[in-house]
Amino acid sequence: MAGAIQLGTQGWNYDAWVGPFYPDGTRPADYLTVYARAFETVEVDSTFYAIPPEKTVRGWAGRVPDRFTFALKLPREITHERRLAGCRDLVAQFADRVRLLGAKLGPVLIQLGPDFGPDQRTALERFLPELPADLRFAIEFRRPGWLGPDLLESLRAHHVALALTDGPHVERDRMIALAAHPTADFGYVRWMGPDRRIEDYSRVVVDRQQELGMWSVGLAALAARVTAVHGYFNNHFQGHSPASARAMQALLGQRPVEPIALADQTELF
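Every value quoted in this text rests on a predicted model; they were computed, and no experiment measured them.

A. Region of the structure containing the nonpolar core. Among the nonpolar cores identified, the biggest contains 75 residues, and Trp12, Phe70 and Phe141 are the most heavily contacted of them. In this structure, phenylalanine 70 is in contact with Trp12, Leu32, Val42, Val44, Trp60, Ala61, Val64, Leu101, Lys104, Leu105, Gly106 and Pro107, ignoring residues within four places of it in sequence. Ranked by size, the runner-up nonpolar core spans nine residues in total, among them Leu109, Ala163, Ala184 and Tyr188.

B. A look at the pattern of salt bridges. Applying the stated criterion to the full structure yields 19 salt bridges. The salt bridge partner of aspartate 30 is arginine 27, with a shortest N-O separation of 2.6 Å. Arginine 121 is the partner of glutamate 125 in a salt bridge, and the nearest nitrogen-oxygen pair spans 2.6 Å. Placement of both glutamate 125 and arginine 121 in helix H5 (residues 121–127) is noted, with a separation of four residues, approximately one turn of the helix. The exposure class assigned to glutamate 125 is partly exposed, which follows from its relative accessible area of 26%. One continuous salt-bridge network, built from bridges that share partners, spans Glu43, Glu140, Arg142 and Arg190.

C. Region of the structure containing the pairing of strand E4 (residues 105–111). Among the seven residues that make up E4, seven are buried, leaving the element largely enclosed by the rest of the structure. With three bridges joining them, strand E3 (residues 69–73) and E4 adopt parallel strand pairing. In the strand pairing of E4, lysine 73 is matched with leucine 109. As judged from the four bridges shared by E4 and strand E5 (residues 137–140), these two strands associate in the parallel manner. Opposite leucine 109, over in E5, you have alanine 138 as the bridge partner. Crossover E4 to E5 through H5 is right-handed.

D. Focus on the packing of aromatic side chains. Under the defined criterion, the tally for this structure stands at 21 aromatic pairs. Consider the rings of tryptophan 17 and tyrosine 22, whose centres lie 5.9 Å apart with planes at 45°: the pair is tilted. The pair formed by tryptophan 17 and tyrosine 22 is uniform in burial state, with each residue classed as buried. Ring plane angle 10° and centroid distance 4.6 Å describe the contact between tyrosine 22 and tyrosine 31, whose orientation is recorded as stacked. For the residue pair tyrosine 22 and tyrosine 31, the accessibility class agrees, reading buried in each case. Here a set of aromatic residues connected by ring pairs shows up, and it is made of Trp12, Tyr14, Trp17, Phe21, Tyr22, Tyr31, Tyr35, Phe39, Trp60, Phe68, Phe70 and Tyr201. In this structure, lysine 73 packs its charged tip against the face of phenylalanine 48, placed 5.5 Å from the ring centre. Against the face of phenylalanine 186 rests arginine 136, its NZ or CZ located 5.5 Å from the ring centre.

E. Examining unusual backbone geometry more closely. Unlike most non-glycine residues, arginine 83 shows phi in positive territory, near 55°. Within the element layout of this structure, arginine 83 appears in the loop between helix H3 (76–81) and helix H4 (88–98).

F. Highlighting the sheet that holds strand E2 (residues 41–44). Here we have eight strands rolled up into a closed barrel, ordered E1-E2-E3-E4-E5-E6-E7-E8, and parallel in their pairing. Pairs of neighbouring strands in the sheet enclose a mean axial angle of 25°, with direction left out of account. Bridge count for strand E6 (residues 161–166) against strand E7 (residues 186–191) is four bridges, and the pairing is parallel. For threonine 165, the partnering residue across the bridge sits in E7 and is arginine 190. Most of the contacts of helix H10 (residues 241–251) go to strand E1 (residues 4–10), to which it runs at about 165°, and overall it touches E1, E7 and strand E8 (228–233).

G. Looking closely at the pairing of E2. Where burial is concerned, the two faces of E2 agree: the one with Thr41 and Glu43 and the one with Val42 and Val44 are both buried. Two elements, E1 and E2, share two bridges in a ladder whose sense is parallel. If you follow threonine 9 over to E2, its bridge partner there is valine 42. Tracing the backbone out of E1, into helix H1 (residues 31–38) and back to the parallel element E2 gives a crossover that is right-handed. One ladder, built from four bridges, connects E2 with E3; its direction is parallel. When the sheet's bridge partners are listed, threonine 41 is paired in E3 with threonine 69. Each parallel crossover has a hand, and for E2 linked through helix H2 (residues 54–62) to E3 it is right-handed.

H. Examining the environment of threonine 9 more closely. Checked against the element boundaries, threonine 9 lands in strand E1. For the pair threonine 9 and leucine 100, spaced 91 residues apart in sequence, the C-alpha to C-alpha distance is 22 Å. Filtering out sequence-adjacent residues up to four positions away, threonine 9 remains in contact with Trp17, Tyr35, Thr41, Val42, Glu43, Tyr232, Phe233, Ser241 and Pro242. Within polar-contact distance, the side chain of threonine 9 engages the backbone oxygen of glycine 11 at 2.7 Å.

What counts as what
Residues numbered from 1 in each chain as written. Predicted model: local features only at pLDDT ≥ 70, side-chain atom pairs only at ≥ 80, totals over all residues. Heavy atoms only, no water. Core = buried A, V, L, I, M, F, W, Y, C linked by side-chain atoms within 4.5 Å. Buried < 20%, exposed > 50% of the residue type's maximum accessible area, 1.4 Å probe, protein only. Contact = heavy atoms within 4.5 Å. Salt bridge = Lys/Arg side-chain N within 4 Å of Asp/Glu carboxyl O. Helix = DSSP H or I, 4+ residues; strand = E, 2+ residues; numbered from the N terminus. Pairing = 2+ DSSP bridges. Right-handed = clockwise from strand over helix to strand, strands pointing away. Phe/Tyr/Trp six-rings, centres within 6.5 Å; stacked < 30°, edge-to-face > 60°. Lys NZ or Arg CZ within 6 Å of the ring centre and 35° of its normal. Axes fitted to C-alpha atoms, helices over the stretch in contact; angles between N-to-C directions. Polar contact = N/O pair within 3.5 Å; in protein donor to acceptor, adjacent residues only side chain to side chain.

Following this line, the structure appears as structure tokens:
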């Protein structure tokens, strides 16, 4: 049986979404609760900059239903500053904090920078065995030279998912082809867009329906081989990531929750 495909966006704190997605008058404090009526998962970017306070993590969990999951980025101090070396203490601290989410904790994304190349394979091989076994990890490489058979076998040995990305670093066709060769029992996909030139997040600025169609085939191939797929759209992919996520849901035969339905639920206001 194919794994469930959960789609969402990268973040939820966008004032430009009020009107086209959040009902008019939605307060920032209520963004996450309203978001969770439309999607079952979200990728949190703020954990990339620092380990979140306990109060913040518990607050996230308390504002969403039981079915909801958070994907969290590993802090940049681990990935970009220490470059995976000597990080056991920080990884343990981060893991203890995010475990407060309980069943609402989704995968943790290890996002490596474009300057972290295959010549640093030793650091990666030393790092992977130190990851807590009770958490699920996905890893994103921004250098195409990483993506060979040896890397895939190493990730499989440690049950770490290769994050598939649509962005400027690796060709789309190559990424979609890798969907048929998962390295863990779950999949992780990110739609980033080619650059950061889009500044209007209130609407779809670029038509990427063809690309979405290509990815829908890749997602089906991935879902057939894993227990679950987690996918997240960035505003820079098309301009308005909630619309991108809904478009993909429709292509997959899921039933998107349209913004008008959110406006009908007024108990927050």
